[in-house]
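# Observations on the three-dimensional arrangement
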Amino acid sequence: MLVTDVGFVVYFAVTGLGLIPPEWAFADYANPLMADWNWSFLWIDLLASATGLTSLWLLRRRRASGPSLMLVSLVLTMASGLMAIAFWTLRGDFSLAWWIPNLYLMLFPVPGIICLTRQPVGVRA
């Protein structure tokens, strides 16, 4: 989770500085509409990162709010990956260079979400 949350910040720093080589960029990367689409993820990704990093800090200090904030971060991360995969699917663009990281963002939170939402045996809502 730490690597993913730091990765969000690094990705947007690298993107903002124009350091992604054109051959590594997604299709139509130079198109202003596509650039806007990419930057539209900034807020969800930074919010996922901020809540994730804060949750890890809280958990290290054994604070009760850590798991709840971690759940928020994991759901935001999953939503970010899902939104990107849905977009690439609608466009019919199946570049593994962009699918693999977004499938990771969509799937890596699932076990954590399950663990954080599982009720103890014998407890009913």
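Direction vectors running N to C along helix H4 (residues 66-91) and helix H5 (residues 96-107) enclose 145 degrees, while the axes themselves pass 7 Å from each other. For the crossing formed where H4 meets H5, the hand is left-handed. Each of Thr77, Met78, Gly81, Leu82, Ala84, Ile85, Trp88 and Thr89 in H4 lies in contact with H5, whose residues at this interface are Trp98, Trp99, Asn102, Leu103, Leu105 and Met106. For the contact of H4 with H5, the per-class residue count stands at 10 nonpolar, 4 polar and no charged.

A few words now on unusual backbone geometry. Positioned with a positive phi, Arg62 is a non-glycine residue whose angle comes to about 55 degrees. Structurally, Arg62 is set in the loop between helix H3 (42-60) and H4.

Attention now moves to the packing of aromatic side chains. With the rule as written, the count across this model stands at 9 aromatic pairs. On the numbers, 5.0 Å between centres and 80 degrees between planes, the contact of Tyr11 with Phe12 is edge-to-face. Arranged with centres 6.3 Å apart and planes meeting at 75 degrees, the rings of Tyr11 and Trp98 form a pair that is edge-to-face. Of the two residues, Tyr11 sits in helix H1 (residues 2-16) while Trp98 sits in helix H5, which places them 87 residues apart along the sequence. Its relative accessible area of 14% is what places Trp98 among the buried residues. Put simply, the rings of Tyr11, Phe12, Trp39 and Trp98 pair up and form one aromatic cluster.

Criteria and cut-off values
Residues numbered from 1 in each chain as written. Predicted model: local features only at pLDDT ≥ 70, side-chain atom pairs only at ≥ 80, totals over all residues. Heavy atoms only, no water. Axes fitted to C-alpha atoms, helices over the stretch in contact; angles between N-to-C directions. Helix = DSSP H or I, 4+ residues; strand = E, 2+ residues; numbered from the N terminus. Left-handed = near helix turned anticlockwise from the far one by under 90°. Contact = heavy atoms within 4.5 Å. Nonpolar A, V, L, I, M, F, W, Y, C, P; charged D, E, K, R; others polar. Phe/Tyr/Trp six-rings, centres within 6.5 Å; stacked < 30°, edge-to-face > 60°. Buried < 20%, exposed > 50% of the residue type's maximum accessible area, 1.4 Å probe, protein only.

Function cannot be inferred from these measures alone, as they are strictly geometric.
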